[in-house]
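Topology and contacts: notes
What follows is the residue order along each chain.
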Amino acid sequence: MRPLFHPAVGDMRPKAILHALSDPVRAAIFTQISGQGCVEACSDVAVVGDKAIPKSSLSHHIKVLREAGLIRCERHGVEMRNHSRCSEVDQRFPGLIAAILGAYALVRA
C-alpha cells in the first residue's frame, strides 16, 4: 500500500486549510472528527445532516482534509482511523480553526 501524505506542521498552509474547509460537507466531517478527537471508521462520518455521502466522495473529502493537515489517518487492518490535528494547526495558526468552525456554526444555526 502507498503511504499516506501528512504535511509537517511547518508545511501547513492557510490556503490549503481554507480550501479544505470551504466545502460545507468537509467542514461538517472535520467538525465531527475534531469533536470526537478520533473517528475509528469512515462510516462514522458518512452521513452529514440527513444525506449519506457516497464512499468515493467521502474518500475524496478525507484526502483533502488530510493533505491540508487537518486530520491524521492511520490504517488499522481494513479500517482507517482519522484523528484531529486541531492542536497542531492551532499551534501554527492560532485561532484559525476556531474562527472557521465558529462561522460555520453561526451559518447553520
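For the structure itself, consult the block above.
Described below are features of the structure shown in this document. Keep in mind the model is a prediction, meaning the values are calculated, not measured.

1. A short note on the overall build of the protein
A tally of regular secondary structure across the protein gives five helices and five strands. Each helix and strand of the protein, ordered N terminal to C terminal, gives the series α-α-β-β-β-α-β-β-α-α. For 109 residues, the compact-globule estimate of 2.2 N^0.38 gives 13 Å, and the C-alpha radius of gyration of the protein, at 13 Å, lies within 12% of that figure. Structurally, the protein occupies a C-alpha span of about 35 × 35 × 20 Å along its principal axes. Each of the 109 residues in the protein was classed as buried or not, and the buried ones make up 33%. Excluding contacts between residues fewer than 6 apart, the proportion of contacts in the protein whose partners are at least 24 apart in sequence is 67%. Side-chain charges in the protein split into 14 positive and 10 negative, and the spacing between the mean points of these groups amounts to 6 Å.

2. Side note on the pairing of strand S4 (residues 71–76)
Looking at chain direction, S4 and strand S5 (residues 79–84) are connected through six bridges and run antiparallel. Pairing of Ile 71 across the sheet is with Ser 84, part of S5. Between S4 and S5, which pair antiparallel in sequence order, lie two residues; one of them, Gly 77, sits at a positive phi of approximately 65°.

3. As for helix H1 (residues 14–22)
The complete set of buried residues in H1 reads Ile 17, Ala 20 and Leu 21. Summarising the axial view, the buried residues of H1 lie within an arc of 85°, below the 170-degree limit, and thus occupy one face. Residues of H1 that are buried in the fold lie against helix H2 (24–36), helix H3 (55–68), helix H4 (86–92) and helix H5 (96–108).

4. Considerations on H2
In this model, H2 (13 residues) spans 18 Å end to end at C-alpha, consistent with the 18 Å of a helix rising 1.5 Å per residue. Two to three positions downstream of the cap, the backbone nitrogen of Val 25 sits 2.8 Å from a side-chain oxygen, assigning the N-cap of H2 to Asp 23.

5. Considering the nonpolar core
Residues Ile 17, Leu 21, Ile 29, Phe 30, Leu 65, Leu 70 and Ile 97 are the most contacted members of the largest nonpolar core, which totals 25 residues. For this core, the secondary structure elements donating two or more residues are H1, H2, H3, S4 and H5. The biggest single contributor to this core is H3, with five residues. If we skip the residues at most four places from it in the chain, Ile 17 touches Ala 68, Leu 70, Val 89, Phe 93, Leu 96, Ile 97 and Ile 100.

6. Here's the deal with the side chain of His 61
By the secondary structure assignment, His 61 is in helix H3. Classification of His 61 by relative accessible area gives buried; the value is 11%. What His 61 contacts, discounting residues up to four positions off in sequence, is Asp 23, Val 25, Arg 26, Ile 29 and Ile 53.

Procedures and definitions
Residues numbered from 1 in each chain as written. Predicted model: local features only at pLDDT ≥ 70, side-chain atom pairs only at ≥ 80, totals over all residues. Heavy atoms only, no water. Helix = DSSP H or I, 4+ residues; strand = E, 2+ residues; numbered from the N terminus. Rg over C-alpha atoms; globule rule 2.2 N^0.38 Å. Buried < 20%, exposed > 50% of the residue type's maximum accessible area, 1.4 Å probe, protein only. Contact = heavy atoms within 4.5 Å. Lys, Arg positive; Asp, Glu negative; His and termini not counted. Charge placed at Lys NZ, Arg CZ, Asp CG, Glu CD. Pairing = 2+ DSSP bridges. Arc of directions from axis to C-beta. Expected span 1.5 Å × (residues − 1). Polar contact = N/O pair within 3.5 Å; in protein donor to acceptor, adjacent residues only side chain to side chain. Core = buried A, V, L, I, M, F, W, Y, C linked by side-chain atoms within 4.5 Å.

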